[in-house]
Amino acid sequence: MSVIVDSHTHLGDFPLFNVRLDADSMIKLMDEYNIEKSIVFSLPNELTLKAVQKYPERLAGLVWVNPHRGDEAIKLIDKAVIEWNFKGIKLHPLLDSYLPDQEIVDPIMERARKHGIPVLFHCGHPPWSLPWHFSPLADRFPDVTIILGHMGHGHIVYINGAIEIAKKHENIMLETSGMPMHSKIKEAAEVLGPERILYGSDMPFGHPAFELEKVRVSGLSRRELELVLGENALRVFKLK
């Protein structure tokens, strides 16, 4: 059986969505669906840290920062990567109100370049996180891996836009969670190559039961499924 890595998960209590998930419950879900490892990012970051420390073989952290915090954000990245062994950066333009191509993001990207780690962005909600705003950023930082979480999310124009922008920039990867169309995963693999697609569930907002099945019924070959469901994430996040 090929390894499965979930590239998009959260911990915490989210009353607006009526969902919650702690580390123990995440591990139970992972065991039920044969998920070897999960990439976790949460606020506060200490929630991620405690989970990763409790389950170091199963969970890997991304540090969630707000570019508006300036030097504070940079110091947090350094601490998370050097002391906590986190594997990348999470940015959420929608929640923190900035555009991905604004200069305020550049110091974060420069830190990602320095540490050799990927940056995963929330993608797919206007006005802050539409695919086209990632193109100038990818041009400025061609040596930093940019992951578009949700690959455009639920709107067909944004989904197509995510594929279109990724086609123009080899350093952009697409992550599948929250995007409803199984056929677009197959299309993305054909256009970009299967090595540039990452499986994610968006737990607890999504669930492996349907997110995994969405990828499996997309029409990918067995080898392509091995890449998308796990091997790509092992490579990009430098996991064992």
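Residues numbered from 1 in each chain as written. Predicted model: local features only at pLDDT ≥ 70, side-chain atom pairs only at ≥ 80, totals over all residues. Heavy atoms only, no water.

**Q** Report on helix H5 (residues 106–115), specifying residues and quantitative values.
**A** Along H5, the residues classified as buried are Asp106, Ile108, Met109, Ala112 and His115. Close packing links the buried residues of H5 with helix H3 (71–82), strand S6 (88–91), strand S7 (119–122), helix H6 (134–140) and strand S8 (146–149). Of the residues one or two after H5, Gly116 is the one with positive phi, at around 70 degrees. (Buried < 20%, exposed > 50% of the residue type's maximum accessible area, 1.4 Å probe, protein only. Helix = DSSP H or I, 4+ residues; strand = E, 2+ residues; numbered from the N terminus. Contact = heavy atoms within 4.5 Å.)

**Q** Talk me through the packing of helix H9 (residues 208–216) against helix H10 (residues 222–236); I want residue IDs and the actual numbers.
**A** For the pair H9 and H10, interaxial distance at closest approach is 10 Å and the crossing angle is 150 degrees. Residues Leu212, Val215 and Arg216 of H9 form the contact with H10, whose own contacting residues are Leu225, Val228 and Leu229. By residue class, the composition of the contact of H9 with H10 is five nonpolar, no polar and one charged. (Axes fitted to C-alpha atoms, helices over the stretch in contact; angles between N-to-C directions. Nonpolar A, V, L, I, M, F, W, Y, C, P; charged D, E, K, R; others polar.)

**Q** A description of the pattern of salt bridges should follow, citing residues and the corresponding values.
**A** The full count for this structure, using the stated rule, is 14 salt bridges. Residue Arg20 is joined to Asp13 by a salt bridge in which the shortest nitrogen-to-oxygen separation is 3.4 Å. Its salt-bridge partner being Arg111, residue Asp78 comes within 2.7 Å of it at the nearest N-O pair. Residue Asp78 is located in helix H3, and its partner Arg111 is located in helix H5; the two are separated by 33 residues in the primary sequence. Residue class for Asp78 comes out buried when judged on its relative accessible area of 15%. Within the structure, one salt-bridge network assembled from shared partners comprises Arg223, Glu226 and Glu231. (Salt bridge = Lys/Arg side-chain N within 4 Å of Asp/Glu carboxyl O.)

**Q** Let's hear about the packing of H3 against H5: which residues, and what values?
**A** It is the contact of H3 with H5, at a shortest axis distance of 10 Å, that shows an interaxial angle of 20 degrees. What the angle tells us is that H3 and H5 run roughly parallel. With respect to the hand of their crossing, H3 and H5 are arranged in right-handed fashion. Mapping the contact onto sequence places Ala73, Ile74, Ile77, Asp78, Val81 and Ile82 in H3 and Pro107, Ile108, Arg111 and His115 in H5. In terms of residue class, the contact of H3 with H5 is built from seven nonpolar, one polar and two charged. (Parallel < 35°, antiparallel > 145°, perpendicular 65-115°, else oblique. Left-handed = near helix turned anticlockwise from the far one by under 90°.)

**Q** Describe in detail the side chain of Arg58, supporting the description with residues and values.
**A** Within the element layout of this structure, Arg58 appears in the loop between helix H2 (45–54) and strand S5 (59–64). A distance of 2.8 Å separates a polar side-chain atom of Arg58 from the backbone oxygen of Glu36. Not counting residues up to four positions away in its chain, the partners in contact with Arg58 are Ile27, Met30, Asp31, Ile35, Glu36, Lys37 and Ser38. (Polar contact = N/O pair within 3.5 Å; in protein donor to acceptor, adjacent residues only side chain to side chain.)

**Q** Please give an account of the environment of Glu190 that cites residues and values.
**A** Note on placement: Glu190 falls in helix H8 (residues 182–192). By relative accessible area, which is 56% here, Glu190 ends up exposed. Considered as a pair, Glu190 and Leu239 are 49 residues apart in the sequence and their alpha carbons are 26 Å apart.

**Q** Go over the nonpolar core, please, and point to the residues and values.
**A** In terms of nonpolar packing, the biggest core is built from 63 residues, with Ile89, Leu91, Met109, Phe121, Ile146, Ile172 and Leu174 touching the most fellow members. Setting aside residues no more than four positions away along its own chain, Ile89 makes contact with Leu62, Val63, Val65, Ile77, Ile108, Ala112, Ile117, Pro118, Val119 and Leu120. Grouped together as the second largest cluster of nonpolar side chains are 14 residues, Leu62, Leu198, Ala233 and Phe237 included. (Core = buried A, V, L, I, M, F, W, Y, C linked by side-chain atoms within 4.5 Å.)

**Q** Which residues make up the sheet that holds S6, and what are the values?
**A** Read from one edge of the open sheet, eight strands run S1-S4-S5-S6-S7-S8-S9-S10, paired in parallel fashion. Two strands close off the open sheet at either side, each with one partner strand: strand S1 (5–9) and strand S10 (197–198). Of the pairings in the sheet, the one linking S5 to S6 comprises three bridges and is parallel in character. The residue of S6 that forms the bridge with Val63 is Ile89. (Pairing = 2+ DSSP bridges.)

**Q** Can you lay out the packing of aromatic side chains for me, pointing to particular residues and giving the numbers?
**A** Counted according to the given criterion, the structure contains six aromatic pairs. Summarising the aromatic geometry, the rings of Phe121 and Phe134 are spaced 5.0 Å apart at their centres and angled 75 degrees between planes, so their arrangement reads as edge-to-face. In this pair, Phe121 is assigned in strand S7 and Phe134 in helix H6, connecting sequence segments 13 residues apart. Relative accessible area serves as the criterion here: at 0%, Phe134 is assigned to the buried category. (Phe/Tyr/Trp six-rings, centres within 6.5 Å; stacked < 30°, edge-to-face > 60°.)

**Q** Can you lay out the pairing of strand S4 (residues 37–40) for me, pointing to particular residues and giving the numbers?
**A** By the alternation rule, side chains of S4 split into Lys37 and Ile39 and Ser38 and Val40, which are all buried. The sheet contact formed by S4 and S5 spans three bridges and is parallel. Residue pairing in the sheet places Ser38 in a bridge with Leu59 of S5. Considered for its hand, the β-α-β crossover made up of S4, H2 and S5 is right-handed. (Right-handed = clockwise from strand over helix to strand, strands pointing away.)

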